[in-house]
Amino acid sequence: MRFGRRNKISISSAALDASGTENGTNTDANARECKNAERDPEKNPFLQRNISKPTTDLDTLIHLIKGSFGTGVFATPFAFANAGMVTGLFGSLIIGFICSHCVHILVKSAHELCWRHQIPALGFGGIAEVTFREGPEKTRKLGVVVKIIIQVMVMIIAIGVCTIFQVFVAANVSQVINFYTDSNIDIKLYILMVSVVAGALGMIKSLRVLAPFSLLSNVLVLASVIIVFIYVFDDLPSITERPAFMPAIRLPIFFSIIVYSLEGINVVMPLENNMKDPQNFLGRFNVLNTGLAIIVCLFTFVGFFGYLKYGEKTQGSISLNLPDDEILAQSSKIMLSIGILLSHPLQFYCGVEFTWAKLSPKIEKRWPKFSGTLGEYIYRLLLILITTGLAIGVPFFDALIGIGGSVCLSTLGLLFPTTIETIVYWRKWGKWNWKLWKNILIFLFGLLVFVTGLAGSIVTLVISFQGDGEPEEGLVQSLKQFTDQYRFV
């Protein structure tokens, strides 16, 4: 994505002063001007976008689904195993609604700011900066700080998700190859092999070029899901054989995995910023709601029936529960591995997009030779090496997902969107200040996921390391032993 010089996304103090927000003199005249600008098609800020290869609504929908439709869908049965049938079913639907709402209010706030200041596009960090600088006086000095925090977290999420993808693919491929070769090759070697392919795909810099990869990835992952269901619905046990509820000490793992699975907040703004018609991103039946509705329903369905089938033997990815000696099951693992590997460059793109634009000018001053395309390729290669090193160091899929969901995605997906909407509309929160109270409740829920999910994920990581990377049959059994020993509910 490239914007022309005059359309660069940078908010100066002068620009904010002109809008009457930075110096606190937001007059009625300025407010009416903003309101009229929203209704005047000729003042549509999105028309100022200068994108060489914009994506269509369909391209964006495919990328949006792919941004969430990855390893998380196969981890939802493990989440249900830590919640129970009833808690898992209603909990996943409620969390899905909350996560979808937070994505919606983030994009809506971004569009509102674009109209107010006539900005063609805003990234996540830019949204936060403008929001804080035009908000109440006490928040205005925090704009740059919050922007930096968000950019760092988005980068951490991108690296973390790519790391999880590499571990996930390596785990599935190792099961197949080790079975047919009757070998016991260390998963770390498979991670190295996967990183070579991931690195090659990570050099693709255009979302339009990535669209066919995302489409193929969706097809392969969906085909794998269908095969998983063939096994899941074969001799499905009665629902009465599974507990409806689980001890409260295990719920943090459920929360963090579901948040990770459903939350694609890190890909939303890069996708919206690259759209040909960004106004189509919002709306009752447009790109965002359509994609999120599909994701929430599918994830809940997989989690419910996956846990019903395998119970306490459910592994971190349900694909690992499929039999090792059947070709259909093995083909599912291979298709899934290829599908996830093809979705790797989309997550990688979001991480690079958020950081390279900031690093490039600084590199140009000190090392001019590495500021252009060559420098970007070197930067991408460096990031691949970082994700590979993390994957080799912590090759435990379950713990990585929990930490990613509880720490970064709960912060970016729940805490920041609610804060941003509250400040963007701080002069009018609606009747009885309903937006404020709604956002406070979601913010508190995000804090709960952050604190308890992190603690639960650390427990999972400790159990994994104690088992030398080979936990008992299903990590849930190890967790059950732990919670039975330390349970308080």
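Scroll up for the structure.
Let me sum up the structure you'll find in this document.

Conventions and cut-offs
Numbers given for residues are sequential positions, taken from 1 along each chain in its written order. Reporting of local features is limited, given that this is a predicted model, to residues whose pLDDT is at least 70; pairs of side-chain atoms are given and counted only at 80 or more, and all residues count toward the totals for whole chains, interfaces and linings. Processing note: side-chain calculations cover all non-hydrogen atoms of the structure and skip hydrogens and water entirely. Secondary structure elements follow DSSP: runs of H or I of four or more residues count as helices, runs of E of two or more count as strands, with numbering from the N terminus. In this scheme, a residue with accessible area under 20% of its type's maximum is buried, one over 50% is exposed, and one in between is partly exposed, where area comes from a 1.4 Å probe on protein chains only. Contact between two residues is taken to exist if any of their heavy atoms lie within 4.5 Å; hydrogens are not considered. Only the protein chains shown count as cover for residues, and the accessible areas themselves come from Shrake-Rupley with a 1.4 Å probe. To estimate the expected span of a helix, count its residues, drop one, and scale the result by 1.5 Å. Polar contacts here mean pairs of N or O atoms no more than 3.5 Å apart (in protein, one a potential hydrogen donor and the other a potential acceptor; neighbouring residues in sequence count only if both atoms are side-chain atoms). The rule for a salt bridge is simple: a side-chain nitrogen of Lys or Arg has to be within 4 Å of a carboxyl oxygen of Asp or Glu. For the purposes of this section, nonpolar cores are sets of buried Ala, Val, Leu, Ile, Met, Phe, Trp, Tyr and Cys residues that join through side-chain atoms within 4.5 Å. Only residues above 30% relative accessible area that lack a salt bridge enter a patch, with like-charged residues linked at up to 9 Å and the nonpolar side chains Val, Leu, Ile, Met, Phe, Trp and Tyr linked at up to 5 Å. None of His or the chain ends enter the tally, which takes Lys and Arg as positive and Asp and Glu as negative. Lys charges are placed at NZ, Arg charges at CZ, Asp charges at CG and Glu charges at CD. Ring geometry is summarised as follows: Phe, Tyr and Trp rings, the Trp one being its six-membered ring, pair when their centres sit within 6.5 Å, and such pairs are stacked at plane angles under 30 degrees, edge-to-face over 60 and tilted between the two. When the NZ atom of lysine or the CZ atom of arginine is within 6 Å of a ring's centre and also within 35 degrees of its normal, the charge is said to sit over that ring. All axes here are fitted lines through C-alpha atoms, helices being fitted over the stretch that makes contact, and every angle between N-to-C directions spans 0 to 180 degrees. By definition, any crossing whose near helix is turned counterclockwise from its far helix by less than a right angle is left-handed, and any crossing with a clockwise turn is right-handed. In this classification, Asp, Glu, Lys and Arg are treated as charged, Ala, Val, Leu, Ile, Met, Phe, Trp, Tyr, Cys and Pro as nonpolar, and every other residue, Gly included, as polar.

Once that is clear, we can look at the overall build of the protein. Looking only at helices and strands, the protein features 17 helices and zero strands. Within the protein, the proportion of its 489 residues that are buried is 57%. Long-range pairs, those at least 24 residues apart, make up 83% of the contacts in the protein with a sequence separation of at least 6. Only carbon and sulfur atoms are counted for the fraction: they give 65% of the accessible area of the protein, which is about 21200 Å².

Bringing helix H14 (residues 373–393) into the picture now. An α-helical turn contains 3.6 residues, so a residue and the one three or four places further along point in the same direction. In this model H14 runs 30 Å from its N-terminal to its C-terminal C-alpha over 21 residues, within 8% of the 30 Å that 1.5 Å per residue would give. When we look at burial in H14, the residues that qualify are Gly-375, Glu-376, Tyr-379, Arg-380, Leu-383, Ile-384, Thr-387, Thr-388 and Ala-391.

Mapped onto the elements, Asn-218 comes out in helix H9 (residues 207–232). On the basis of relative accessible area, Asn-218 is assigned to the buried category, the value being 11%. Within the structure, the side chain of Asn-218 is placed 3.4 Å from the backbone oxygen of Ile-62, a separation counted as a polar contact.

Looking at where Leu-322 falls in the secondary structure, it is placed in the loop between helix H12 (287–310) and helix H13 (327–366). We classify Leu-322 as buried; its relative accessible area is 2%. Between the C-alpha atoms of Leu-322 and Tyr-310, which are 12 residues apart in sequence, the distance is 9.9 Å. Setting aside residues no more than four positions away along its own chain, Leu-322 makes contact with Val-228, Tyr-231, Tyr-310, Ala-329, Ser-332 and Lys-333.

All right, on to the pattern of salt bridges then. Applying the stated rule across the entire model yields eight salt bridges. Among the salt bridges present, the one from Glu-129 reaches Lys-147, with a minimum N-O distance of 3.2 Å. With Glu-129 in helix H6 (residues 124–134) and Lys-147 in helix H7 (residues 143–181), the pair connects residues that are 18 residues apart, well separated along the chain. On the accessibility criterion, Glu-129 (9% relative accessible area) is buried. A relative accessible area of 14% places Lys-147 in the buried class. The network of salt bridges with common partners includes Glu-112, Arg-116 and Glu-134.

Ranked by internal contacts, the top residues of the largest apolar core, which has 110 residues, are Phe-74, Ile-95, Phe-124, Ile-127, Ile-150 and Leu-412. Residue contributions to this core peak at 13 residues, all from H7. Every residue in contact with Ile-150, bar those within four places of it in the chain, is listed here: Phe-124, Gly-125, Ala-128, Leu-412 and Phe-416. If you look at the next biggest cluster of nonpolar residues, it comprises 10 residues, including Met-155, Val-352, Trp-356 and Tyr-379.

A cluster of acidic side chains, namely Asp-234, Asp-235, Asp-325 and Glu-326, defines a negative patch on the protein surface. Positionally, Glu-326 belongs in the loop between H12 and H13.

Among the surface-exposed residues, Leu-381, Leu-382, Leu-385, Ile-386 and Leu-390 lie close enough to one another that they form a single nonpolar patch of about 450 Å² accessible area. One can find Leu-382 in helix H14. Residue class for Leu-382 comes out partly exposed when judged on its relative accessible area of 46%.

For the rest of this paragraph, the subject is the packing of aromatic side chains. On inspection of all chains with the given rule, the structure shows 12 aromatic pairs. Consider the rings of Phe-255 and Phe-445, whose centres lie 5.8 Å apart with planes at 85 degrees: the pair is edge-to-face. Placement of the pair is Phe-255 in helix H10 (residues 251–262) and Phe-445 in helix H16 (residues 434–466), with a sequence separation of 190 residues. Each of the two residues, Phe-255 as well as Phe-445, counts as buried. Between the aromatic rings of Phe-304 and Phe-305, the centroid separation amounts to 5.1 Å while the plane-to-plane angle is 80 degrees, which identifies the pairing as edge-to-face. Grouped by ring-pair contacts, the aromatic residues Phe-80, Phe-229, Phe-233, Phe-254, Phe-255, Phe-301, Phe-304, Phe-305 and Phe-445 constitute a single cluster. Directly above the aromatic system of Trp-432 lies the positively charged group of Lys-431, at a separation of 4.4 Å from the ring centroid. In this structure, Lys-435 packs its charged tip against the face of Tyr-425, placed 4.0 Å from the ring centre.

This part is about H7. Helix length check: H7 (39 residues) gives 56 Å between terminal C-alpha atoms against 57 Å at 1.5 Å per residue, within 8%. Positive backbone phi, at 50 degrees, marks Asp-182, one or two positions downstream of H7.

This next bit is on the packing of helix H5 (residues 85–117) against H6. The N-to-C vectors of H5 and H6 enclose an angle of 65 degrees; their axes lie 10 Å apart at closest approach. Here H5 and H6 pass one another in a crossing that is left-handed. Of the residues in H6, those touching H5 at Leu-106, Ala-110, Leu-113, Arg-116 and His-117 are Phe-124, Ile-127, Val-130, Thr-131 and Glu-134. Here the residues of the contact of H5 with H6 sort into six nonpolar, two polar and two charged.

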